[in-house]
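Chain and residue survey
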Amino acid sequence: RYVNSFKELYAKLDDDASGDISMAELCKHLHDADMLAFMESLEIDASDIKHFFAAISQDGELSVDVETFVVGCMKCKGNAKSMDLLSLCHSHRKLGHRF
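Note that the structure is a prediction, hence the values are computed from the model and not measured.

1. A few points about the overall build of the chain
Within the chain one finds 6 helices and 2 strands. Buried positions account for 31% of the 99 residues belonging to the chain. Taking as baseline every contact in the chain between residues at least 6 positions apart, the subset at least 24 positions apart corresponds to 59%. Surface exposure of the chain reaches about 6,200 Å², of which carbon and sulfur atoms provide 53%.

What follows is the structure, given as structure tokens:
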């Protein structure tokens, strides 16, 4: 259920159809009703969306693919557990080493 919703939202955010979302693309859609409703359904506060994206994109320097976006959203759903935070930090470090 969530995966299809993630992919639909991702497609809306990916303005240039590159397959990745940039910080600029995300910021363009920060106040879209669909975006806010989706993040609210995941219990991610609207004020945390930019922080969330910065965490998965090396402070907005990198674009994010759909898999990274989906996994990041799922990890942030509701109250994050310490193991989830550890996993997200690890994934973030791995992403940084790829470039």
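Back to the text.
2. As for unusual backbone geometry
At Ala-17, a residue that is not glycine, the phi angle is positive and equals roughly 55 degrees. Classification of Ala-17 by relative accessible area gives exposed; the value is 65%. Of note in the backbone geometry, Gln-58 takes a positive phi value of approximately 50 degrees without being a glycine. Tracing the sequence through the fold places Gln-58 in the loop between helix 4 (49–56) and strand 2 (64–65).

3. Regarding the environment of Lys-7
Here Lys-7 lies in helix 1 (residues 2–13). Residue classification places Lys-7 among the partly exposed positions, given a relative accessible area of 47%. Distance in space between the C-alpha atoms of Lys-7 and Glu-67 is 9.4 Å, their sequence separation being 60 residues.

4. Examining the pattern of salt bridges
One pass over the full model with this rule turns up 2 salt bridges. Ionic pairing is found between Asp-34 and Lys-12, a salt bridge with its closest N-O pair at 2.5 Å. Of the two residues, Asp-34 is situated in helix 3 (residues 33–41) and Lys-12 in helix 1; the sequence distance between them amounts to 22 residues. Given the relative accessible area of 44%, Asp-34 is considered partly exposed. Since its relative accessible area comes to 46%, Lys-12 is described here as partly exposed. The residue Asp-15 makes a salt bridge to Lys-28 at a minimum N-O spacing of 3.2 Å. Taken as a pair, Asp-15 in the loop between helix 1 and strand 1 (20–21) and Lys-28 in helix 2 (residues 23–28) lie far apart in primary sequence, 13 residues in all.

Cut-offs and rules
Residues numbered from 1 in each chain as written. Predicted model: local features only at pLDDT ≥ 70, side-chain atom pairs only at ≥ 80, totals over all residues. Heavy atoms only, no water. Helix = DSSP H or I, 4+ residues; strand = E, 2+ residues; numbered from the N terminus. Buried < 20%, exposed > 50% of the residue type's maximum accessible area, 1.4 Å probe, protein only. Contact = heavy atoms within 4.5 Å. Areas by Shrake-Rupley, 256 points an atom, 1.4 Å probe, with all protein chains shown as cover. Salt bridge = Lys/Arg side-chain N within 4 Å of Asp/Glu carboxyl O.

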